[in-house]
Amino acid sequence: MSSRLARLLVPALLPLILILAWWYASAGGSSIFFPPLSQILERFQELWLFALVPEHVVPSLQSILWGLGISIVLGVGLGVLLGLNGYVATAVNPVLQFLRYLPAVALLPLAIQLIGIGQEMRVTIIVLGALWPILLNTIDGVRGISPGLVDVARSNRLRPFDWIFRVVIPSASPQIFAGIRASLAVSVILMFASELLGASRGIGYFILEAQRQFSLPEMWSGMILLGIIGYALNVVLMAIEYFALAWHRKARI
Amino acid sequence: MVPARRLLAGRWGSPLAAQLAVVAVLLVIWQITAGLGQLGAVPTPVEVGRALLAIFASGAVWEPLGTTLAGWAISLLLAVVVGIVVGFPLGTSRLAYRLSVFTLDFLRTIPALVLVPLVVLLYGSGLESTILLAFLGAVWAVIMQTIYGARDVDPTALQTFMSFRVRRWDTVRFLLVPTALPYIATGVRLAAAICLLVTISAQVVIPAGGLGEQILTAQLGGAVPTMYAYIFLCGALGVGANAAFGKLEAKALAWHPSHRKVAA
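Residues numbered from 1 in each chain as written. Chains lettered and ligands numbered in written order. Predicted model: local features only at pLDDT ≥ 70, side-chain atom pairs only at ≥ 80, totals over all residues. Heavy atoms only, no water.

Take the UniProt feature "domain: ABC transmembrane type-1" (unreviewed entry) in chain A next. Within this structure's numbering, the places UniProt gives as "domain: ABC transmembrane type-1" (unreviewed entry) are residues 57-241 of chain A. Along residues 57-241 of chain A one finds 86% helix and 0% strand; the C-alpha atoms at either end are 25 Å apart. (UniProt positions renumbered as here; feature names shortened; annotations may be inferred. Helix = DSSP H or I, 4+ residues; strand = E, 2+ residues; numbered from the N terminus.)

Shown next, in the form of structure tokens:
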């Protein structure tokens, strides 16, 4: 009992100490850049529980979900096609590697020039960054299917539909999820960066406006909100992965 | 892997030839569609190539390239040094690890770019800002890999070292460091990619000089082919950096027992 309690309490200790240290170090309010934590939390409650949520949080989340959703559909679809055609995958690999290592934020000015600064631009730029980790991981996962499985499917004359949706995608799914996790981090970054450069709503826009008006408690509250949202999205994805890959863990034991 | 490569060799000559062919075909399609005005404001690859030559010929490229490389190198060095120094004790002590694991997990999911507005207020739009942001983005990768590495020490080997009463420093030198090194090499490769990504991204959004700001300036000034040329440079830098640090990692891993077993 006590060891279980300790297991829960020990990891919580350091965050508590850090928050308390922040609380007391900022309480005096000697620097305008680091307003008292009490003031930040007060502002956080006023703004984000839940007065400004429809105006700023919803559009940001929409951009991420659309961008990530399109990336997953495109990435898994194209990845399965390329993964099953090994020679095509090898041939296009240099192009994919280039697109993967091109910093997507560097494409922001280009996207703004071509599409403007609407929601479509933000979804597009998220797809341009989040697609590659999913696509490349799907290709790897599909190419890594065990040859025995391929033989069994062939000798049982599995229909192509069943082959792809019941064998190929499930066996590649651990790697697909690893790709989605990387893409989620990219999506949050691109959502924020695209809102800094061109938006009139969203968390990034709110933080930038607060900074320009020197409303530092507001700016801090926005930054904390973004941190919480990034972490929460990660936890949600890990929960989905945990349930979707339950069979995989069992198979390994 | 091998059958695919053999198939490729049989049908299309060597994989390299096929890869070059794909790049060439894509460039030709881009050239034709853009030349016919089908892509709106997108310039043709020939125009982009000319712009690329022009920024090299006029020397305009060197100063931003130097700024980007300097910011990248300094932030990477800081991230590696701090990451190893912080990570090692966390990996060798169970208590320290359990104390910090949740905090580390939380902090590393926060994108470094979130701090842009604050860092700009504190340090302005110079090199310090991009270095600080890239450092904050990349240090977690090194810390985590160092922790994994230090925790991977073979318990039997550790007990052997202890029963022979090997000096503490020698244990670190002959057991801990060799065990952790391959992991750290992975951390350095990840950190190199993150540092470059955050440096260029911060240069675009702040804007803070370097290749990133050049992309933005070219766009605002309507020099569209130049913008594409700088974007291409950023991509080339990313591919080159990853290839270089991947080689470094392969070298660091080559002698690792786990790798030798796999090879055997």
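Still to come is the rest of the account.
This part is about helix H9 (residues 203-212) of chain A. A large share of H9(A) lies buried, amounting to seven of its ten residues. Within H9(A), burial applies to A:Ile203, A:Gly204, A:Phe206, A:Ile207, A:Leu208, A:Ala210 and A:Gln211. Its buried side turned inward, H9(A) meets helix H2 (37-48), helix H3 (53-84), helix H8 (160-197) and helix H10 (216-244) of chain A together with helix H6 (116-123) of chain B. Backbone geometry just downstream of H9(A) places A:Phe214 in the positive-phi region, at approximately 55°. (Buried < 20%, exposed > 50% of the residue type's maximum accessible area, 1.4 Å probe, protein only. Contact = heavy atoms within 4.5 Å.)

This brings us to the interface of chain B and chain A. Taken together, the contacts link 52 residues of chain B with 49 residues of chain A. Taking both sides of the interface into account, the surface hidden between chain B and chain A amounts to around 4500 Å²; carbon and sulfur atoms contribute 81%. Sorting the residues of chain B by area buried against chain A places B:Arg98, B:Pro117 and B:Leu121 first, and these three jointly supply 13% of that buried surface. Of all the secondary structure elements, the ones that give two or more residues to the side of chain B that touches chain A are helix H1 (2-12), helix H2 (15-35), helix H5 (94-109), H6, helix H9 (168-205), helix H10 (210-220) and helix H11 (224-254) of chain B. Take the side of chain B that touches chain A: its biggest share by element is eleven residues, from H11(B). Grouping the amino acids of the side of chain B that touches chain A by side-chain chemistry returns 40 nonpolar, nine polar and three charged. (Buried area = accessible area lost by both parts, 1.4 Å probe. Nonpolar A, V, L, I, M, F, W, Y, C, P; charged D, E, K, R; others polar.)

Further remarks concern the packing of H3(A) against H10(A). Residues and elements named next belong to chain A. With their axes 13 Å apart at the nearest point, H3 and H10 run at an angle of 35° to one another. Here H3 and H10 pass one another in a crossing that is right-handed. Between H3, through Val-57, Leu-61 and Ile-64, and H10, the contact on the second element is made entirely by Leu-225, Ile-229 and Leu-233. Of the residues that constitute the contact of H3 with H10, the class distribution is six nonpolar, no polar and no charged. (Axes fitted to C-alpha atoms, helices over the stretch in contact; angles between N-to-C directions. Left-handed = near helix turned anticlockwise from the far one by under 90°.)

On to unusual backbone geometry, then. Cis geometry is found at the peptide bond from B:Ile206 to B:Pro207, where omega equals -20°. The phi dihedral of A:Phe214 is positive, around 55°, even though this residue is not glycine. Within the fold, A:Phe214 resides in the loop between H9 and H10. By relative accessible area, which is 49% here, A:Phe214 ends up partly exposed. The residue B:Arg165 is not glycine, and still its phi comes out positive at about 50°. By secondary structure assignment, the location of B:Arg165 is in the loop between helix H8 (155-163) and H9.

As recorded in UniProt, the sites labelled "domain: ABC transmembrane type-1" (unreviewed entry) are residues 65-243 of chain B. Across residues 65-243 of chain B one finds 87% helix and 0% strand; the C-alpha atoms that close the span lie 19 Å apart.

Residue and element names in this part refer to chain A. Cross-referencing UniProt, the feature "transmembrane region" (unreviewed entry) maps to residues 64-86, 98-117, 123-142, 186-208 and 220-245 in the present numbering. A helix fraction of 96% and a strand fraction of 0% characterise residues 64-86, whose end C-alpha atoms lie 31 Å from each other. Regarding residues 98-117, the helix share stands at 60% and the strand share at 0%, and the terminal C-alpha atoms are separated by 26 Å.

Along the chain, A:Asn234 falls in helix H10. Relative accessible area serves as the criterion here: at 18%, A:Asn234 is assigned to the buried category.

Right, let's talk about the UniProt feature "transmembrane region" (unreviewed entry) in chain B for a bit. Residues and elements named next belong to chain B. Listed under "transmembrane region" (unreviewed entry) in the UniProt record, and renumbered for this structure, are residues 12-32, 69-90, 102-124, 130-150, 171-200 and 227-245. Helix makes up 100% of residues 69-90 and strand 0%. Its end C-alpha atoms lie 31 Å apart. Helix and strand shares over residues 227-245 are 100% and 0% respectively, and the end C-alpha atoms of the span are 27 Å apart.

In terms of domain boundaries, chain B breaks down into domain 1 (2-42) and domain 2 (55-263). For domain 1 of chain B and domain 2 of chain B, the distance between their C-alpha centroids amounts to 33 Å. (Domains from an automatic or database assignment.)

Turning our attention to the packing of aromatic side chains. One pass over the structure, following the stated rule, counts ten aromatic pairs over all chains. Relative to B:Tyr228, the ring of B:Trp30 has its centre 6.5 Å away and its plane inclined at 45°; by these criteria the two rings are tilted. Separated by 198 residues along the polypeptide, B:Trp30 in helix H2 and B:Tyr228 in helix H11 bring together distant segments of the chain. Through a chain of ring-to-ring contacts, three or more aromatic side chains come together here, namely A:Trp22, A:Phe34 and A:Trp220. Over the aromatic face of B:Tyr97 sits the side chain of B:Arg151, whose NZ or CZ is 3.9 Å from the ring centroid. (Phe/Tyr/Trp six-rings, centres within 6.5 Å; stacked < 30°, edge-to-face > 60°. Lys NZ or Arg CZ within 6 Å of the ring centre and 35° of its normal.)

Let's shift gears to a nonpolar patch on the surface. Residue and element names in this part refer to chain A. A cluster of nonpolar residues, Trp-66, Ile-70, Leu-74, Leu-78 and Leu-81, forms a patch on the protein surface that exposes about 490 Å² of accessible area. Here Ile-70 shows up in helix H3. Since its relative accessible area comes to 32%, Ile-70 is described here as partly exposed. (Patch = residues over 30% accessible without salt bridge, like charges linked within 9 Å, V, L, I, M, F, W, Y side chains within 5 Å. Areas by Shrake-Rupley, 256 points an atom, 1.4 Å probe, with all protein chains shown as cover. Salt bridge = Lys/Arg side-chain N within 4 Å of Asp/Glu carboxyl O.)

Residue and element names in this part refer to chain A. With respect to the element layout, Pro-217 can be found in helix H10. Classification of Pro-217 as buried rests on a relative accessible area of 11%. Each C-alpha atom of the pair Pro-217 and Pro-36 lies 8.1 Å from the other, and the pair is 181 residues apart in sequence. Setting aside residues up to four positions removed in sequence, Pro-217 forms contacts with Pro-35, Gln-39, Ile-40 and Arg-43.

Turning our attention to the packing of H8(A) against H9(A). Residue and element names in this part refer to chain A. Where H8 meets H9, the axes come as close as 7 Å, and the angle between the chain directions of the two elements is 50°. Considering their axes alone, H8 and H9 lie oblique with respect to each other. Seen along the crossing, H8 lies across H9 with a hand that is right-handed. Contacts between H8 and H9 involve Phe-192, Glu-195 and Leu-196 on the former and, on the latter, Ile-203, Gly-204, Tyr-205, Ile-207 and Leu-208. Per-class residue counts for the contact of H8 with H9 are six nonpolar, one polar and one charged. (Parallel < 35°, antiparallel > 145°, perpendicular 65-115°, else oblique.)

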